[in-house]
Amino acid sequence: MGSKQVQRSVPQPGPAANDAIERTQAAGMQIRSLSAWYGTTPAIRDISLDIVPRRVTAIIGPSGCGKSTLIRCLNRMHEVAGGRVEGRVLLDGEDIYAPDVDPVQVRRLIGMVFQKPNPFPMMSVYDNVVAGIKLTGGLGKHALDEIVERSLIAAALWDEVKGKLKQSGALLSGGQQQRLCIARALAMEPQVLLMDEPCSALDPIATYKIEELIEELKEDYTIVIVTHNMQQASRVSDYTAFLLSGEDRVGELVEYDETKQLFTNPKDKRTEDYITGRFG
Ligand SMILES: Nc1ncnc2c1ncn2[C@@H]1O[C@H](COP(=O)(O)OP(=O)(O)OP(=O)(O)O)[C@@H](O)[C@H]1O
Ligand SMILES: [Mg+2]
């Protein structure tokens, strides 16, 4: 209580962050005083936190508290629908909102998977995987074949679809379609993978497969997952951010900590109320 200095306190990751073997591919993200609006209506306010590389960070909180808005600000998807952002989002220290940064490149490095699996229905499994890559062009069939196989293996889907690469992606099961969307994101060789409730349209077995996959993927990627499911957050994530909106309906970060800590010994009463089911 001694210091009068005004200091912005940025939640820092705990000790688990330091045990990672530093590899070059996956990147951490730093969110600084991030606020976002739809038109003139604010949706999230002054959020700062560090996303740890090669770890899974869960974003939890009641419906409407700004989880999707926050995650969409992390790869500049928020502005696609005309949203406005203030504050900074850094990918390994580089501001993804800097004027000379191409948002298309940002979305290549920071991939996203949505709530509802959304493979392109008119495209084959194969073409779905390389849909993003083909836009950048220049790769021959052999290179594309390799990318398809590698991405489908990484998404734990290869064995199930290797005999039907030419079939429509829409003919796969819901869980397979979601893994196809993950393969499509991985084909772009992202550094970070954002997932907004990736299991909410899936049955428990398909959900389990995605959770297993997330566990594998975090060896190579930094993962941020929005989830409504608190068991899921505690199963798959290393860190958890809890958002809440007050009467003004603007989402704020209430608490950010190692998942174990946040679920067993939350610092904020509102976190405790939420995780014990007293509201939300
Ligand atoms: N396209 C939009 N236009 C205007 N307001 C929006 C839009 N999308 C979201 N909002 C508003 O922004 C706030 C945050 O919404 P957001 O979708 O980020 O919440 P959420 O935490 O993801 O909720 P849920 O758990 O229901 O998915 C809400 O008040 C919502 O009504
Ligand atoms: Mg949402």
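Scope of this entry: the structure provided in the associated data block. This one's a predicted model, so the numbers in the text were calculated from it and none came from an experiment. (Residues numbered from 1 in each chain as written. Chains lettered and ligands numbered in written order. Predicted model: local features only at pLDDT ≥ 70, side-chain atom pairs only at ≥ 80, totals over all residues.)

Some details on the overall build of the chain
No. 1: Tallying secondary structure elements over the chain gives 11 helices and 10 strands in all.
No. 2: Scaling as 2.2 N^0.38, a compact globule of 280 residues should have a C-alpha radius of gyration of about 19 Å, and the chain matches this with 19 Å.
No. 3: Structurally, the chain occupies a C-alpha span of about 65 × 45 × 40 Å along its principal axes.
No. 4: For the chain, the proportion of its 280 residues judged to be buried stands at 42%.
No. 5: Across the chain, every contact between residues at least 6 apart in sequence was considered, and the portion connecting residues at least 24 apart equals 69%. (Helix = DSSP H or I, 4+ residues; strand = E, 2+ residues; numbered from the N terminus. Rg over C-alpha atoms; globule rule 2.2 N^0.38 Å. Buried ≥ 20, exposed ≤ 12 C-beta atoms within 10 Å, placed from the backbone. Contact = placed C-beta atoms within 7 Å.)

With respect to helix 7 (residues 174–186)
No. 1: Across its 13 residues, helix 7 extends 18 Å between first and last C-alpha, which sits within 8% of the 18 Å expected from 1.5 Å per residue.
No. 2: Of all 13 residues in helix 7, 12 are buried; the element is thus mostly enclosed.
No. 3: Gly-175, Gln-176, Gln-177, Gln-178, Arg-179, Leu-180, Cys-181, Ile-182, Ala-183, Arg-184, Ala-185 and Leu-186 are the residues of helix 7 that are buried. (Expected span 1.5 Å × (residues − 1).)

Quick notes on the pairing of strand 10 (residues 251–258)
No. 1: Burial analysis of strand 10 places 6 of its 8 residues in the buried class, which makes it a mostly covered element.
No. 2: Relative to strand 10, strand 9 (residues 239–245) runs antiparallel, the two sharing 7 bridges. In the strand pairing of strand 10, Leu-243 is matched with Leu-253.
No. 3: Where strand 9 hands over to strand 10, the hairpin turn is made up of 5 residues, of which Arg-249 adopts a positive phi near 60 degrees. (Pairing = 2+ DSSP bridges.)

Points about helix 8 (residues 204–217)
No. 1: Taking 1.5 Å per residue as the helical rise, helix 8 with its 14 residues ought to reach 20 Å, and the 20 Å between its terminal C-alpha atoms agrees with that figure.
No. 2: Restricting attention to buried positions, one finds in helix 8 the residues Ile-210, Ile-214 and Leu-217. The buried residues of helix 8 occupy one face: seen down the axis, they fall within an arc of 70 degrees. Opposite the packed face of helix 8, turned more than 90 degrees from it, sit the exposed residues Pro-204, Ile-205, Glu-212 and Glu-216.
No. 3: Among the structural elements, strand 3 (56–60), helix 7, strand 7 (192–196), strand 8 (222–226) and helix 9 (230–236) are those in contact with the buried residues of helix 8. (Arc of directions from axis to C-beta.)

Quick look at the site of ligand 1
No. 1: Around ligand 1 sit Tyr-38, Ala-43, Gly-61, Ser-63, Gly-64, Cys-65, Gly-66, Lys-67, Ser-68, Thr-69, Ala-81 and Arg-249, and those are all the residues in its vicinity.
No. 2: The dominant element in the shell around ligand 1, judged by the number of residues it contributes, is helix 1 (residues 67–73), at 3 residues. (Near = placed C-beta within 6 Å.)

Here we look at unusual backbone geometry
No. 1: With phi around 45 degrees, Asp-92 is a residue other than glycine that occupies positive phi space.
No. 2: By C-beta crowding, Asp-92 is classed as partly exposed, having 15 other C-beta atoms within 10 Å.

Some words on the environment of Val-226
No. 1: Looking at the element boundaries, Val-226 is found in strand 8.
No. 2: With 24 C-beta atoms packed within 10 Å, Val-226 lands in the buried category.
No. 3: Along the backbone, Val-226 and Thr-57 are 169 residues apart, and their C-alpha atoms lie at a distance of 8.5 Å.

Side note on the packing of helix 7 against helix 8
No. 1: Their axes nearest at 9 Å, the elements helix 7 and helix 8 cross at an angle of 25 degrees. Considering their axes alone, helix 7 and helix 8 lie roughly parallel with respect to each other. By crossing handedness, the relation of helix 7 to helix 8 is classed as right-handed. Along the contact surface, helix 7 presents Gly-174, Gly-175, Gln-178, Arg-179 and Ile-182, while helix 8 presents Ala-206, Lys-209, Ile-210 and Leu-213. (Axes fitted to C-alpha atoms, helices over the stretch in contact; angles between N-to-C directions. Parallel < 35°, antiparallel > 145°, perpendicular 65-115°, else oblique. Left-handed = near helix turned anticlockwise from the far one by under 90°.)

Thoughts on the environment of Ala-43
No. 1: Position of Ala-43 relative to the elements: it lies in strand 2 (residues 41–51).
No. 2: Counting along the chain gives 21 residues from Ala-43 to Gly-64, while the straight-line C-alpha distance between them is 8.7 Å.
No. 3: Filtering out sequence-adjacent residues up to four positions away, Ala-43 remains in contact with Ala-36, Trp-37, Tyr-38, Gly-66, Thr-69, Val-250 and Gly-251.

Points about the environment of Asp-203
No. 1: Within the fold, Asp-203 resides in the loop between strand 7 and helix 8.
No. 2: Assessed through the 11 C-beta atoms surrounding it within 10 Å, Asp-203 is described here as exposed.
No. 3: Residues Asp-203 and Ala-81, spaced 122 residues apart in sequence, show a C-alpha to C-alpha distance of 30 Å.

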